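Fold and contact review
The residues making up each chain are set out below.
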Amino acid sequence: MIGTLLFVAFIALMLLGVPIGAALGLAGAAAIALANAGTQWFGLLAVPQNFYAGLGKYPLLAIPMFVLLGSIFDRSGVALRLVNFAIAIVGRGPGMLPVVAIVVAMFLGGISGSGPANAAAVGSVMIAAMARAGYPPAFAASVVGAAAATDILIPPSVAFIVYSVLVSGASVPALFAAGMIPGVLAGLALIVPTVWIARRHGMGQLEASLPKPPFWASFRDAIWGLAAPVLILGGMRAGWFTPTEAAVVAVFYGLFVGMVIHRTMTVRDLFPILRESGELSAIILLVVALAGIFAYSLSTLGLIDPVTKAIVNSGLGEYGVLSLLILMLIVVGMFLDGVSIFLIFVPLLMPIVIHYRWDPVWFGVLLTLKVALGQFTPPLAVNLMVSCRIAGVRMEETVRWVGWMLVSMFLVMVLVIVFPELALWLPRKLGY
Amino acid sequence: MTPPLDAPPETPVGPDAVHDPADYHEKTVVSLRIEDWLTVIVMGLLALITFANVLVRYFTDQSFAWTEEFSVFLMIVLALVAGSASVARNRQIRIEYFADGGSAERQRLLARFGAFMVFLLFALMAVLSARVVYDHIVYGETTPGIGVPQWWYSIWLPVMSVAIALRALGLFVRRGRRS
């Protein structure tokens, strides 16, 4: 009874546009108060305690640091130089510029940890470049939005950090390693429909006439950006730093590159960078903290067990349940962002994962793939919002292009379900 | 350095270009610069402490792991302080699909409802966490890492909850005015 109320109140508040954190906190508090009506203060002292406990975890510190890192690399001028270098390699053939956008977004995925930051960095360079070469702005926005979604799969990734905090059996290094192959596959999967669409519709006719940057000069300019993922991923692999420390080392590296080497930033830029990334982190962290209250009320009310039993005994079988979960998450993902999906659903789904003995790392990669798809599935597509704003188009105009990219990346998810080794081979090989 | 062939657009890039500039300049009675400066200072400190940790461990083989406790505290302060600014600017994550559709009157009503719910939650949080702090002081609890009184840390939850509640109330009032 109280359980039903918890969910009805939560869903109603959310649909009415109440901030998700507030909806989680209020529904959780209401359920706790009703369940403990007889006790002192209605048991509500658990509310601030769980708020504090939900937030007071050292691994979460990686979130503000990776958000800061994304914001700095966004302004460091690295994206532009990587683009020039990529053009020097692949040349100016028809449909090549979208390929460059995807490859650079994947590469920046090895530096930044969030999709929208990646879409901003790649979009600010590539959307104008594609427009000059004769690609329709809506197509350019679709390519950038979809390509930036590979960011949360390719390590480092804020999504994996949140998942790791929620699931004790999945360490950050293991998740980072597990995301590598599916992330690269997702990027490659995007290239196929993109090139096909570009050629079929005769886009980018002007591209062949644009100048090609000289190889060595553009390589020399791009070297600082090329070295960044080596520093971050290599440093973590070598055991020099924890994920949080890797982010901070890369922050100072990015500041050095932006201020001293490329001179795209000055000290005055630090204030807006720190303010914006601080606020963005706080928005995420507040939802994390308030979800702690919701999760506490879920567990104390004993709600999860009966739901798990009902699902497990539904006769759908392992893959039936998995398909149902993915279908449900795709629908939910049209309205909810990735971090909120993790915070709300991971505590609910973990007993099912344990029942079927699914590998928690594999399941984390699947969920993240799902969230990556959601980042460019209209109407709530955070990456597309960013790229459409840069391109100056409405999101509806992208629908005719993103559909093919969604299908293509969805097939990668099917592959990871059928062949779990795609995710699990690398972390095992690296010994995580 | 060779001149870039594909020059970036003239518009400013980065998060300020991504987010609607209008919500950065939200007009409030109490200036948001208070939260903004605190946010900048705390973010800077977090980065510097963590970086110092790496350097010290690299050069001296020692780690000052006790800074972990302080860093976690700073992160909580960040969530509350910058969170307060994000409440005033109405930038919380929410489902906009229904709330931002329909008539202007409906949108205004739902915006006010959302702001009021945030106010309600943090007003409740202020009262409850003040009670927790009271316990910390009465029982003289100390922190596990550095061993300072627990209330030095926990006092900021009720204080900042009041601030967030007031910011939500301010938003509630501003969204009530007809523009």
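Here, the structure is the one placed above.
Residues numbered from 1 in each chain as written. Chains lettered and ligands numbered in written order. Predicted model: local features only at pLDDT ≥ 70, side-chain atom pairs only at ≥ 80, totals over all residues. Heavy atoms only, no water.

1. Quick notes on helix 12 (residues 243-261) of chain A
Residues and elements named next belong to chain A. For helix 12, which comprises 19 residues, the first-to-last C-alpha distance of 25 Å matches the rise-based estimate of 27 Å (1.5 Å per residue) to within 8%. Across the 19 residues of helix 12, 14 count as buried, placing the element largely inside the fold. Positive phi appears at Arg263, one or two residues downstream of helix 12, with a value of about 55 degrees. (Helix = DSSP H or I, 4+ residues; strand = E, 2+ residues; numbered from the N terminus. Expected span 1.5 Å × (residues − 1). Buried < 20%, exposed > 50% of the residue type's maximum accessible area, 1.4 Å probe, protein only.)

2. Concerning the interface of chain A and chain B
With 82 residues of chain A in contact, the opposing surface of chain B contributes 71 residues. At the boundary of chain A with chain B, total buried surface from both sides reaches about 7,100 Å², with 75% on carbon and sulfur atoms. Its largest share of buried area at the contact with chain B, chain A owes to Tyr52, Phe271 and Arg275 of chain A, together 10% of the area lost on that side. The interface formed by chain A and chain B contains five salt bridges. Note that Asp36 of chain B is salt-bridged to Arg275 of chain A, the shortest N-O span being 4.0 Å. Linking chain A with chain B are seven residue pairs in polar contact (both at pLDDT 80 or more), by the criterion used here. A per-element tally of the side of chain A that touches chain B places helix 13 (residues 270-300) of chain A first, with 17 residues. (Contact = heavy atoms within 4.5 Å. Buried area = accessible area lost by both parts, 1.4 Å probe. Salt bridge = Lys/Arg side-chain N within 4 Å of Asp/Glu carboxyl O. Polar contact = N/O pair within 3.5 Å; in protein donor to acceptor, adjacent residues only side chain to side chain.)

3. Things to note about the nonpolar core
Residue and element names in this part refer to chain A. Counting residues in each nonpolar core, the largest one holds 216 residues, and the members touching the most others are Phe51, Tyr163, Phe363 and Phe376. With 16 residues, the single largest contributor to this core is helix 13. When neighbours within four sequence positions are excluded, Phe363 is seen to be in contact with Tyr163, Leu322, Leu325, Leu349, Met350, Val353 and Trp358. (Core = buried A, V, L, I, M, F, W, Y, C linked by side-chain atoms within 4.5 Å.)

4. Quick notes on the packing of aromatic side chains
Think of a pair of aromatic rings as described by two things: how far the centres are apart, and how the planes are tilted against each other in angle. All names here are of chain A. For the coordinates displayed, the defined rule picks out 24 aromatic pairs over all chains. With centroids separated by 5.0 Å and ring planes inclined at 90 degrees, the aromatic side chains of Phe215 and Trp216 adopt a geometry described as edge-to-face. A relative accessible area of 63% means that Trp216 is categorised as exposed. Their ring planes at 20 degrees and their centres at 5.8 Å tell us that Trp358 and Phe363 sit as a pair that is stacked. The exposure class of Trp358 is buried, given its relative accessible area of 7%. (Phe/Tyr/Trp six-rings, centres within 6.5 Å; stacked < 30°, edge-to-face > 60°.)

5. Regarding empty space enclosed by the protein
All chains considered together, the criterion is met by six cavities of 30 Å³ or more. Taken as a whole, the largest cavity encloses approximately 100 Å³ of empty space. In terms of lining residues, the largest cavity is bounded by 13 residues, among which Pro19 of chain A together with Asn90, Gly114, Ala115 and Leu171 of chain B are the most central. Of all the secondary structure elements, the ones that give two or more residues to the lining of the largest cavity are helix 6 (104-138) and helix 8 (156-176) of chain B. A per-element tally of the lining of the largest cavity places helix 6 of chain B first, with five residues. Across the lining of the largest cavity, the residue classes tally to eight nonpolar, four polar and one charged. (1 Å grid on protein atoms, 1.4 Å probe; cavity = no way out; pocket = protein on both sides within 12 Å on 5 of 7 lines; lining within 4 Å. Points joined across faces, edges and corners; volume = space filled by probe spheres on them. Nonpolar A, V, L, I, M, F, W, Y, C, P; charged D, E, K, R; others polar.)

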